[in-house]
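Chain by chain, the residues:
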Amino acid sequence: MLAVFAAPWALAEQPPKEIHDLLAAGPQGSKQIALTLDACSGKFDDDLVEYLIRKRIPATIFATKKWLDRNPKGLAIVKTHLDLFDVEDHGERHIPAVIGKGRTVYGIPGEPDVIHLRREVVEGARAVQEATGVAPHWYRGATGEYDDESIKEIDRLGYKIAGFSVNADDGATSKRLAIEKRLARVKPGDVILAHMNKPSSDSAEGLAAGLDYLLKKDFLFVRLDQVDLQQLPK
Ligand SMILES: [Zn+2]
């Protein structure tokens, strides 16, 4: 059982890790990519979501319960476009999936124990299901960092962890041009990570420019409820 491995000194020394994924191989020659948008806490980036609706670009949204509770108008727009948007689990309160008292990721405290992680994952999933009517199958922890214990537990709870391969907006802190340049380097199979919870950021503008370019290059956008991912070696 997990408790056997839970020597606190061992856990404290293990640095959290980011999980990097590509789409599992699609049909040969296909230019499939996935756009994933985190809705951590904060607000609703209506410019970004309206753009995706206008251009008919499918995306996978990772929403927390916190975000769903605070953004009823944004949620209503997403819900009327469930043909485009797949909503998945980003946790209950946006707590990183690292376990151990005093552990933090980018200054954000993680979970004191596995019971708290379980609650974060399960209550996040329940909130998504209650909000959209569809049960999530993917989990992305706050900050996208995990440790071995949390990876095991998320798996045990029946959720697949969604990594990424292109960090498009650095938590909605990047400038427009930087976002555009990152998207210009996207290759078939990439999983793009960006944010839809900071309308005052450059994310909507930068993504619109970059995504326009990818549409012109005939990339095909898929959602995570249609595909599987494969983890990239370290
Ligand atoms: Zn987040």
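Criteria and thresholds
Residues numbered from 1 in each chain as written. Predicted model: local features only at pLDDT ≥ 70, side-chain atom pairs only at ≥ 80, totals over all residues. Heavy atoms only, no water. Helix = DSSP H or I, 4+ residues; strand = E, 2+ residues; numbered from the N terminus. Buried < 20%, exposed > 50% of the residue type's maximum accessible area, 1.4 Å probe, protein only. Core = buried A, V, L, I, M, F, W, Y, C linked by side-chain atoms within 4.5 Å. Contact = heavy atoms within 4.5 Å. Donors = N, O, S within 2.8 Å, 3.2 Å for Na, K, Ca; no water. Pairing = 2+ DSSP bridges. Axes fitted to C-alpha atoms, helices over the stretch in contact; angles between N-to-C directions.

Asks: Can you explain unusual backbone geometry? Please cite residues and give values.
Replies: Within the chain, Arg56 stands out as a residue other than glycine whose phi angle is a positive 55°. Here Arg56 shows up in the loop between helix 3 (46-55) and strand 4 (59-63). For Arg56, a relative accessible area of 47% corresponds to the partly exposed category. The backbone of Thr143 sits at a positive phi, close to 70°, despite the residue not being glycine. One can find Thr143 in strand 10 (residues 142-146). The class for Thr143 is partly exposed, based on a relative accessible area of 21%.

Asks: Requested: an account of the nonpolar core, with residues and values cited.
Replies: Leu52 and Leu211 are the most contacted members of the largest nonpolar core, which totals 39 residues. Leu52 has contacts with Leu35, Leu37, Ile57, Ala59, Leu84, Phe85 and Leu211, leaving out every residue within four places of it along the chain.

Asks: Now, about the coordination of the zinc ion: what can you tell me, with residues and values included?
Replies: Listed as protein donors to the zinc ion are Cys40 (SG), His90 (NE2) and His94 (NE2); their distances from the metal cover 2.1 to 2.2 Å. In primary sequence terms, the donor set of the zinc ion follows C-x49-H-x3-H. On the criterion of sequence distance, the pair formed by Cys40 in the loop between strand 3 (32-39) and helix 3 and His90 in the loop between strand 5 (85-89) and strand 6 (96-97) is long-range, its members being 50 residues apart. In this structure Cys40 comes out as buried when scored by relative accessible area, which is 8%. On the basis of relative accessible area, His90 is assigned to the buried category, the value being 1%.

Asks: How would you summarise the sheet that holds strand 10 if you had to cite specific residues and measurements?
Replies: The sheet built from three strands is open, its strands ordered 1-10-6 with mixed pairing. Two strands lie at the open edges of the sheet, namely strand 1 (17-18) and strand 6, each paired on one side alone. Bridge count for strand 6 against strand 10 is two bridges, and the pairing is parallel. In the sheet register, Ala97 faces strand 10, and the bridge partner there is Tyr146. Docked against the sheet, helix 7 (residues 148-156) engages strand 1, strand 6 and strand 10, running at close to 105° with respect to strand 10.

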